[in-house]
Amino acid sequence: MHQSLRSDFASNPALQREIRTLLASFDEPSRSRMRAKMRHDRAAARDLRTEQADANALHTYHEFVLGRQLQRRGFHPEYNRRINGKTPDWFDERARLVLEVFTCEPGGTTPPPARVASRIAEKARKYAQTVRDQGFCFVIAVHGDPLGGLTAGDCEWAIGDGQLFATHLDLSGVIYFADEGPFVYFKNSLALRPVDLTL
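Residues numbered from 1 in each chain as written. Predicted model: local features only at pLDDT ≥ 70, side-chain atom pairs only at ≥ 80, totals over all residues. Heavy atoms only, no water.

Trainee: So what's going on with the pattern of salt bridges? Which residues, and what values?
Mentor: Using the criterion set out here, one finds seven salt bridges in the structure. The network of salt bridges with common partners includes Arg33, Glu78, Arg81 and Glu93. (Salt bridge = Lys/Arg side-chain N within 4 Å of Asp/Glu carboxyl O.)

Okay, here's the thing in C-alpha cells:
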C-alpha cells in the first residue's frame, strides 16, 4: 500500500526525484501540461485521501516513463496535446503517432488478461475515427502493476484471444511494460498504418 501523497506529487523521496528528472527531459508545452496533471493528482490525493487517488498519481508517473522511453528512441512525444476533441497521453507529430497508456491494476472480478483486452478494445474504439481521419498510427501501452500479476505473456494472450488486432485495424500495436524488465512491443501485422515501435 502506498503512503498518502502530501505536498509533493509523491510521498516517496526517490520517486519524487525520478519525477523531477523526467520533467526536465521535456520541453514546453509538455512540461506545463505534465505539471498540471501532477497538481491535479496531488489535489485529488489531498482531498480524497484514498488509495485510488495515490494510484492515479502512480499511473501518471507511468505515463511519463513511457514518454521518456520514446524520447530515448528518437521520438518527439508531446504530452496531452488536444487533437480533434481528444487528449491522448502522447502525440508525436513527426512520426504521426498517437499513444495511450493505462495500468492494469490488481483486483476486479475478471482475470487481468480479460480486463486488459477490454481496456485495449475500449481505447481502440475511442480513437479509431480520429486516427483514421488524420492518418495517424495508434499504439496502446499497458503497464503491468506488479500486484496485478500481469506479464508480457498475459498481454500477448489478451491481444490474440480477443482477436484485437484483427478487429481493430486502426490499432498499430500494443506495448507492455513493467517497473522492471524490458518494454515489449506487439506489432499489429494487419494494421492499416503499421509502425515499428520496438522499444
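The rest of the description comes next.
Trainee: How would you summarise a nonpolar patch on the surface if you had to cite specific residues and measurements?
Mentor: Together, Leu169, Leu190 and Leu192 give the surface a local cluster of nonpolar side chains, amounting to about 260 Å² of exposed area. For leucine 192, the location among the structural elements is in the segment after β6 (184-187). Judged by relative accessible area, which is 52%, leucine 192 ranks as exposed. (Patch = residues over 30% accessible without salt bridge, like charges linked within 9 Å, V, L, I, M, F, W, Y side chains within 5 Å. Areas by Shrake-Rupley, 256 points an atom, 1.4 Å probe, with all protein chains shown as cover. Helix = DSSP H or I, 4+ residues; strand = E, 2+ residues; numbered from the N terminus. Buried < 20%, exposed > 50% of the residue type's maximum accessible area, 1.4 Å probe, protein only.)

Trainee: How would you explain the pairing of strand β3 (residues 97-104) if you had to name every residue and give the values?
Mentor: Taken across its eight residues, β3 has eight buried, putting it largely inside the fold. Neither face of β3 is exposed, since Leu97, Leu99, Val101 and Thr103 on one face and Val98, Glu100, Phe102 and Cys104 on the opposite face are all buried. Pairing of strand β2 (residues 90-92) with β3, which is carried by three bridges, proceeds in the antiparallel orientation. When the bridges of β3 are listed, tryptophan 90 appears paired with leucine 99. Taken together, β3, helix α4 (residues 112-134) and strand β4 (residues 137-144) form a β-α-β motif whose crossover is right-handed. (Pairing = 2+ DSSP bridges. Right-handed = clockwise from strand over helix to strand, strands pointing away.)

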